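What follows is the residue order along each chain.
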Amino acid sequence: MLRKVPMSPKQESTKGNIKCCLWVFNSIADRFVCCFMIFNTILRLILKKYRFKNLLVVIFLLLICTQVFIFGNINYYNKLTTPTPLFTVGVHKPAVNKENKNGSTLLKIPSEAEFRMNWVKNKLETLAKHSERWEIMKLLNEVTPLTMPSTRVHIFYYDSYKNIQVDGEWKLWNHEYIEKKKNEDYKLYYRGMHTPPEDIASSYYPELGCYSSRDSQIIDVHFKQIREAGIGVVVVSWYPPDVQKSTQDNMVHLLNTAQKYQLKIAILIEIYTGRNQDSFLKNIIYLTKYTSHSSFYKFMKNERYLPVYYVHKSYMTTASVWRELLATDGSKTVRGTPYDGFFIGLLSNISHRYEIEKSHFDGFYTYFSSNGFSYGSSWKNWKTLEAFSKKRKLLFFPSVSPGYVDTQIRPWNTALTRHRSHGAYYQVAWRSAIAAKPYGVSITSFNKWQEGSQIEPARPKATPQFTYLDYEPEGSLFYLSLTRYWVKQFIFQNIYSDIG
């Protein structure tokens with residue numbers, strides 16, 4: 001049986017000296033690591049513009065460096081202590097660290113040196129983020145508008161807004177709070193309608209105010225902004241004239257304004273009560289009065305230019321019903337007739353891939369803004385969906401979005417909120433779409449204010465009851481500029497792919 005031999009006083013003294021030397025070495029190493037990180041950041045900042053801002057940052061970092069290296073502590077009024085734990089706490093949990101004699105776990109508290117390292121690291125990360133933001137703004141300011149907008153980039157546009165001044169009534173801006181269908185204490189949430197113009201059904205406030213979609217000046221501003229962002233196709237939300245949510249018939253003016261800015265118009269046929277074979281065919285026949293306009297977007301198929309229709313929530317109708325309309329041998333087929341078109345269905349779940357194929361749609365899109373909400377809206381699945389579309393000879397239009405927040409109409413829906421993070425969310429969505437190498441990209445949305453997915457300029461605004469979100473500090477035009485940058489990246493990727 002092994003027996004522990006006690007150390008002599010000389011051995012204990014030697015062991016103490018070794019510990020002291022190790023502690024001194026550790027303290028010096030901590031200081032050099034901190035100083036190296038700080039000087040590395042200083043060298044990176046010196047080479048950039050914004051010299052006055054960078055000068056202030058450099059001075060701040062040098063002060064930190066002096067305190068860390070000389071005094072060994074950010075607050076040099078405190079005495080430097082040893083890097084051993086300040087104290088231990090007994091926690092009755094399964095052993096993670098070493099156990100003491102009574103069986104409770106000793107939770108190690110970070111030492112002062114570790115606190116110091118973490119403090120410096122967090123400060124450097126914050127400064128790096130601000131520096132990166134300056135670089136992004138500089139980069140966006142240098143991106144020039146495209147000579148021609150890209151018809152491979154589409155954006156969803158909503159033209160059903162009304163206000164008192166133009167229309168004599170409010171619409172959409174005063175959207176009611178939607179109660180949750182599942183059993184829940186709805187008394188916890190707001191109910192009733194919003195009261196514009198101070199209280200609107202959006203977490204953001206538009207720079208143009210609570211406008212009317214019939215205002216010709218508003219349409220002109222919108223289409224000019226879309227054109228400058230490099231987007232080529234405006235997909236207009238549309239309800240049939242004989243339903244309760246009927247879209248105001250503003251299509252002719254939209255087409256004429258699109259022609260002015262070299263844009264194209266496609267139609268997003270919304271879901272409505274009673275949508276079936278007969279009603280859908282009736283809608284297509286109605287819309288053909290606009291398809292002859294030169295600004296109506298058409299796509300080449302079977303040596304014919306066909307008008308493009310997006311179908312919202314197409315999965316709400318069975319594939320067998322769609323087949324009768326869209327298959328060449330369907331009983332009520334539009335194929336080969338004057339009412340033929342290029343139809344793009346919505347893919348949400350993984351099973352919808354085969355529903356799209358069985359329905360004989362010509363392509364599909366994903367629409368929803370929240371990454372992870374559905375199979376289709378999850379960025380990680382876009383490469384798989386693009387591979388599927390090529391194999392089935394379909395066109396894929398993944399939908400990118402700057403963020404999502406609809407708590408001003410669905411207060412209980414916080415789980416689907418996606419914060420913009422100063423454009424980071426939008427940029428990752430674009431990178432994911434470009435990496436998938438689809439034919440085109442759709443953007444949700446230009447002005448879906450109720451769901452907080454808009455790229456239209458917003459402005460800061462606060463009322464006694466509510467403070468609206470905004471795009472600061474980047475500015476109201478930030479997402480239009482960011483869109484222009486990524487549209488250019490997408491076009492260059494397509495040129496490279498086409499050459500390959």
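Our subject is the structure listed above.
Residues numbered from 1 in each chain as written. Predicted model: local features only at pLDDT ≥ 70, side-chain atom pairs only at ≥ 80, totals over all residues. Heavy atoms only, no water.

**Some words on the overall build of the protein**
Reasoning step 1: Looking only at helices and strands, one finds 12 helices and 12 strands in the protein.
Reasoning step 2: Per-residue burial over the protein gives 48% buried out of 500 residues.
Reasoning step 3: Partitioning the intrachain contacts of the protein with sequence separation of at least 6 by distance along the chain shows that 71% fall at a separation of at least 24.
Reasoning step 4: When the accessible surface of the protein is split by element, carbon and sulfur atoms take 58% of a total near 26700 Å². (Helix = DSSP H or I, 4+ residues; strand = E, 2+ residues; numbered from the N terminus. Buried < 20%, exposed > 50% of the residue type's maximum accessible area, 1.4 Å probe, protein only. Contact = heavy atoms within 4.5 Å. Areas by Shrake-Rupley, 256 points an atom, 1.4 Å probe, with all protein chains shown as cover.)

**Overview of the pairing of strand β6 (residues 298–301)**
Reasoning step 1: As defined by bridge partners, β6 adjoins strand β7 (residues 304–311) across four bridges and the pair is classed as antiparallel. When the bridges of β7 are listed, F299 appears paired with L306.
Reasoning step 2: Between the antiparallel neighbours β6 and β7 lie two residues, among them N302 with a positive phi of about 50°. (Pairing = 2+ DSSP bridges.)

**Considerations on the side chain of K488**
Reasoning step 1: Its place among the elements puts K488 in helix α12 (residues 478–499).
Reasoning step 2: Exposure remark for K488: the relative accessible area of 17% places this residue in the buried category.
Reasoning step 3: Residues in contact with K488, not counting those within four places in the same chain, are V143, T144 and L146.

**Comments concerning the environment of W382**
Reasoning step 1: Mapped onto the fold, W382 is located in helix α10 (residues 382–391).
Reasoning step 2: A sequence separation of 51 residues divides W382 from A433, and the C-alpha atoms of the two residues are 6.9 Å apart.
Reasoning step 3: Once residues within four sequence positions are removed from consideration, W382 is found in contact with T366, G376, S377, F396, P398, S399, V400, A429, S432, A433 and A436.

**Regarding the pairing of β7**
Reasoning step 1: The element β7 is extensively covered by neighbouring structure, given that six of its eight residues are classed as buried.
Reasoning step 2: Judged from the three bridges that link them, strand β5 (residues 264–269) and β7 form a sheet pairing that is parallel. In the sheet register, I267 faces β7, and the bridge partner there is Y309.
Reasoning step 3: With three bridges joining them, β7 and strand β8 (residues 342–346) adopt parallel strand pairing. Paired with Y309 across the bridge in β8 is F343.

**Let's talk about the packing of aromatic side chains**
How two aromatic rings sit relative to each other is given by the distance of their centres and the angle of their planes.
Reasoning step 1: Summed over the entire model, instances satisfying the criterion amount to 36 aromatic pairs.
Reasoning step 2: Pairing F397 with Y439 gives two aromatic rings, centres 6.0 Å apart and planes at 80°, and the pair type is edge-to-face. Of the two residues, F397 sits in strand β10 (residues 395–397) while Y439 sits in the loop between α11 (424–436) and β12 (441–443), which places them 42 residues apart along the sequence.
Reasoning step 3: Ring pairing ties together the aromatic residues F156, F299, Y310, F342, Y365, Y367, F368, F373, F397 and Y439, which thus form one cluster.
Reasoning step 4: The ring centre of F388 lies 5.6 Å from the NZ or CZ of R353, which sits over that ring. (Phe/Tyr/Trp six-rings, centres within 6.5 Å; stacked < 30°, edge-to-face > 60°. Lys NZ or Arg CZ within 6 Å of the ring centre and 35° of its normal.)

**So, helix α5 (residues 216–228)**
Reasoning step 1: Given a rise of 1.5 Å per residue, 13 residues ought to cover 18 Å, and the 18 Å separating the end C-alpha atoms of α5 matches this to within 8%.
Reasoning step 2: Between the side-chain oxygen at the start of α5 and the backbone nitrogen of Q217 there is a gap of 3.0 Å, and the oxygen is on D215. (Expected span 1.5 Å × (residues − 1). Polar contact = N/O pair within 3.5 Å; in protein donor to acceptor, adjacent residues only side chain to side chain.)

**A short note on the nonpolar core**
Reasoning step 1: Counting residues in hydrophobic clusters, the biggest one holds 99 residues, and the most contacted among them are F223 and W430.
Reasoning step 2: Here this core gets nine residues from one element, more than from any other, and that element is α12.
Reasoning step 3: Sequence-distant contacts of F223, that is, excluding residues within four places in its chain, are made with Y157, V234, L254, T257, A258, Y261, L263 and I265. (Core = buried A, V, L, I, M, F, W, Y, C linked by side-chain atoms within 4.5 Å.)

**Thoughts on unusual backbone geometry**
Reasoning step 1: Cis peptide bonds are those with omega within 30 degrees of zero, and the linkage from P196 to P197 qualifies with 5°.
Reasoning step 2: Secondary-structure assignment places P197 in the loop between α4 (164–167) and α5.
Reasoning step 3: Cis geometry is adopted by the peptide bond preceding P473, which originates at E472 and carries an omega value of 5°.
Reasoning step 4: With respect to the helices, strands and loops of the structure, P473 is situated in the loop between β12 and α12.

**Some details on the packing of helix α7 (residues 277–291) against helix α8 (residues 319–326)**
Reasoning step 1: Two elements in contact, α7 and α8, have axes whose closest approach is 10 Å; the angle formed by their N-to-C orientations is 40°. The angle between α7 and α8 places the two elements in the oblique class. Crossing angle aside, the handedness with which α7 passes α8 is right-handed. Together, Q277, F280 and L281 of α7 and S320, V321, W322, E324 and L325 of α8 make up the contact between the two elements.
Reasoning step 2: Its residues assigned to classes, the contact of α7 with α8 comprises five nonpolar, two polar and one charged. (Axes fitted to C-alpha atoms, helices over the stretch in contact; angles between N-to-C directions. Parallel < 35°, antiparallel > 145°, perpendicular 65-115°, else oblique. Left-handed = near helix turned anticlockwise from the far one by under 90°. Nonpolar A, V, L, I, M, F, W, Y, C, P; charged D, E, K, R; others polar.)

**A closer look at the pattern of salt bridges**
Reasoning step 1: Across all of its chains, the model carries 14 salt bridges by this definition.
Reasoning step 2: For the salt bridge of K390 with E386, the shortest nitrogen-to-oxygen distance reads 3.8 Å. Of this pair, K390 and E386 both sit in helix α10, separated by four residues, roughly a single helical turn.
Reasoning step 3: On the basis of relative accessibility, which here comes to 56%, the residue K390 falls in the exposed class.
Reasoning step 4: Of the residues examined, E386 reaches a relative accessible area of 5% and is grouped as buried.
Reasoning step 5: Through salt bridges that share partners, K301, R304, R335, D340 and D362 make up one connected network. (Salt bridge = Lys/Arg side-chain N within 4 Å of Asp/Glu carboxyl O.)

**Observations concerning the packing of α10 against α11**
Reasoning step 1: As a packed pair, α10 and α11 sit with axes 8 Å apart at the nearest point and diverge in direction by 30°. Crossing hand, α10 versus α11: right-handed. The segment α10 lies against α11, with W382, K383 and E386 engaging A429, S432, A433, A435 and A436.
Reasoning step 2: Class assignment of the residues belonging to the contact of α10 with α11 gives a composition of five nonpolar, one polar and two charged.

**Remarks on α10**
Reasoning step 1: Residues of α10 that are buried: W382, L385, E386, F388 and S389. Seen along its axis, α10 keeps its buried residues to an arc of 160°; they face one direction. Those residues of α10 that are exposed and aimed more than 90 degrees away from the buried face are K383, K390 and K391.
Reasoning step 2: Buried residues along α10 sit against α9 (352–359), β9 (363–365), β10, β11 (399–400) and α11.
Reasoning step 3: K393, located one to two residues past α10, shows a positive phi value of around 60°. (Arc of directions from axis to C-beta.)

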